[in-house]
Amino acid sequence: MDGKYRDLIRRMRAGAHVNVDETGWRIDGKHFWLWAFTDPTFTLYHVDESRGGKVPRKLLGRAFGGTVTCDFYGAYDRLNGHKQRCLTHLLREVKELGEADSSFANCPLSRKLSRWCKEALRLKKRWDELDDAAYEMKASRLEDRLDQLAAGPPQDHADAKRLCKRLARHREELTRFLWDEKLDGTNNAAERALRPAVVMRKITGGSRSAAGAAAWMKLASLLRTADQRGLGVYDATRKLITEYWASGGR
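Residues numbered from 1 in each chain as written. Predicted model: local features only at pLDDT ≥ 70, side-chain atom pairs only at ≥ 80, totals over all residues. Heavy atoms only, no water.

## Considering unusual backbone geometry
Heads up, the condition is: Under the DSSP-based scheme used, a helix requires at least four consecutive residues in state H or I and a strand at least two consecutive residues in state E, with every element numbered from the N terminus.
Positioned with a positive phi, Asp-28 is a non-glycine residue whose angle comes to about 55°. One can find Asp-28 in the loop between β1 (17–27) and β2 (30–39).

Dropping the structure here:
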């Protein structure tokens, strides 16, 4: 099982895209973090005591040259390769800020940024529908509008100022998906990968030991990957057990 888990890491490092997210985990009552790395062909879980950027940097490797889709958490800022930031997270934040503070909900940036995110995601869905010239024109106009939002007139609201700075800082990481057919503008894939682990955490409370957490993350990674490839969990489990016995437990 260890060898197959390492194979997943190698496959991930050689990939063109990967979605990454993290959530809390517990080992013997102590707080740890569960990381999920995924694309349409595999899922890799990793339990670690750290939520810092050293974790994804170590797992992806220094030579990783693909694109990481992630949220705005600072641990992802120094990763090698390109990044695509999740527009769903941005939309959610704008909505939650508006619900908590009507003055933010009524400021121009709130409405314009929410509209921009939705239109960008809708345009990507029309990739196969529009001809190249029409699509490129619409995508370029969206980029121009984003530049205007980031460099627009000074905002009076503190959260609006903060979001404008974020737009400027992550400008290239907000629109990369518009130009890459296989790149998504959301991190929904990683959130879906974490969902069964969150359910498991609620049922079990986490892991009883570090060894148990390590065994779970490897087995869960291999089984979810098998399911993604249409192999079937039962057949995949039987194959893992058979190979484990054949290798003498290595």
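## Notes on the pattern of salt bridges
The line we're drawing: Whenever Lys or Arg places a side-chain nitrogen within 4 Å of a carboxyl oxygen from Asp or Glu, that contact is recorded as a salt bridge. Per-residue accessibility, obtained with a 1.4 Å probe over protein chains only, is compared with the maximum for each type, and a residue is labelled buried under 20%, exposed over 50%, and partly exposed between these values.
Going through the model one piece at a time under the given rule, you end up with 13 salt bridges. With its nearest N and O atoms 2.7 Å apart, the salt bridge here joins Glu-173 to Arg-85. On the criterion of sequence distance, the pair formed by Glu-173 in helix α8 (residues 171–175) and Arg-85 in strand β5 (residues 82–85) is long-range, its members being 88 residues apart. With a relative accessible area of 14%, Glu-173 lands in the buried category. We classify Arg-85 as buried; its relative accessible area is 1%. Of the charged contacts in the structure, one is a salt bridge between Glu-93 and Arg-166, with a shortest N-O distance of 2.6 Å. With Glu-93 in helix α3 (residues 87–100) and Arg-166 in helix α7 (residues 158–169), this residue pair connects regions lying 73 residues apart in the sequence. If you follow the salt bridges from partner to partner, you end up with Glu-93, Asp-159, Arg-162 and Arg-166 in one network.

## Considering a positive patch on the surface
Selection criterion: In this analysis, a patch consists of residues with relative accessible area above 30% that form no salt bridge, clustered at 9 Å for like charges and at 5 Å for the nonpolar side chains Val, Leu, Ile, Met, Phe, Trp and Tyr. What sets the accessible areas is the Shrake-Rupley method with a 1.4 Å probe; for residues, cover comes only from the shown protein chains. For the charge count, each Lys or Arg is scored as positive and each Asp or Glu as negative, with His and the chain ends excluded. Note on charges: their place is set at NZ of Lys, CZ of Arg, CG of Asp or CD of Glu.
A contiguous patch of positive charge, built from Lys-95, Lys-118, Arg-122 and Lys-125, is present on the exposed surface. Per element, the largest residue contribution to the positive patch is three residues, and it comes from helix α5 (residues 108–125). Here Lys-95 is to be found in helix α3.

## As for the confidence of the model for the protein
The cut-off we apply is this: Each residue gets a pLDDT score, which is the predictor's confidence in that residue and runs from 0 to 100.
Summarising the model, the protein shows a mean pLDDT of 92, and 92% of its residues fall at 70 or more. Averaged pLDDT values for the elements of the protein fall to 60 in helix α11 (residues 233–246) and rise to 98 in strand β4 (residues 67–70).

## Notes on the environment of Arg-145
Operational definition: Contact definition: two residues touch when any of their heavy atoms are within 4.5 Å.
Among the secondary structure elements, Arg-145 is positioned in helix α6 (residues 132–150). Note on Arg-145: relative accessible area 30%, which makes it partly exposed. Separated by 33 residues in the primary sequence, Arg-145 and Lys-112 place their C-alpha atoms 9.3 Å from one another. Setting aside its immediate chain neighbours within four residues, Arg-145 contacts Arg-115, Trp-116 and Glu-119.

## Focus: the packing of α5 against α6
Counted only if it meets this: Axis definition: a line fitted to C-alpha atoms, over the contacting stretch in the case of helices. Angles run 0 to 180 degrees between N-to-C directions. Convention used here: angles under 35 degrees read as roughly parallel, angles over 145 as roughly antiparallel, angles from 65 to 115 as roughly perpendicular, and any remaining angle as oblique. Note: crossing handedness is left-handed where the near helix turns anticlockwise from the far helix by less than a right angle, and right-handed where it turns clockwise. Residues were grouped as follows: Ala, Val, Leu, Ile, Met, Phe, Trp, Tyr, Cys and Pro as nonpolar; Asp, Glu, Lys and Arg as charged; and all remaining residues, including Gly, as polar.
The geometry of α5 relative to α6 is characterised by a closest axis approach of 11 Å and an angle of 160° between their N-to-C directions. Between α5 and α6, the crossing angle belongs to the class labelled roughly antiparallel. In terms of crossing hand, the pair formed by α5 and α6 is left-handed. Contacts between α5 and α6 involve Leu-109, Lys-112, Leu-113, Arg-115, Trp-116, Glu-119, Ala-120, Leu-123 and Lys-124 from the former and Tyr-135, Lys-138, Ala-139, Leu-142, Arg-145, Leu-146 and Leu-149 from the latter. Among the residues forming the contact of α5 with α6, the class breakdown is 10 nonpolar, no polar and six charged.

## A word on the nonpolar core
Note the following rule: Each nonpolar core is a collection of buried residues, namely Ala, Val, Leu, Ile, Met, Phe, Trp, Tyr and Cys, held together in the definition by side-chain atoms within 4.5 Å.
Val-18, Trp-25 and Phe-37 are the most contacted members of the largest nonpolar core, which has 35 residues in total. Where this core is concerned, the elements lending two or more residues are α1 (2–13), β1, β2, β3 (42–48), α2 (54–60), β4, α9 (188–204) and α10 (210–228). Of all the elements, β2 adds the most residues to this core, at six residues. For Phe-37, the residues in contact, after removing those within four places along its chain, are Met-12, Val-18, Asn-19, Val-20, Phe-42, Thr-43, Leu-44, Pro-56, Leu-59 and Leu-60. Cys-107, Ala-120, Leu-121 and Leu-142 belong to the second largest nonpolar core, which has 30 residues in total.

## Quick word on the packing of aromatic side chains
Heads up, the rule is: Stacked, tilted and edge-to-face pairs are distinguished by plane angle, under 30 degrees for stacked and over 60 for edge-to-face with tilted covering the rest, among Phe, Tyr and Trp rings (Trp via its six-membered ring) whose centres lie within 6.5 Å.
Evaluation of the coordinates by the stated rule reveals five aromatic pairs. Note on Trp-25 and Trp-216: the rings are 4.8 Å apart at their centroids and 20° apart in plane angle, and the pair reads as stacked. Taken together, the residues Trp-25 in strand β1 and Trp-216 in helix α10 connect sequence positions 191 residues apart. Judged by centre distance (5.6 Å) and plane angle (35°), the rings of Tyr-45 and Trp-216 are tilted. Separated by 171 residues along the polypeptide, Tyr-45 in strand β3 and Trp-216 in helix α10 bring together distant segments of the chain.

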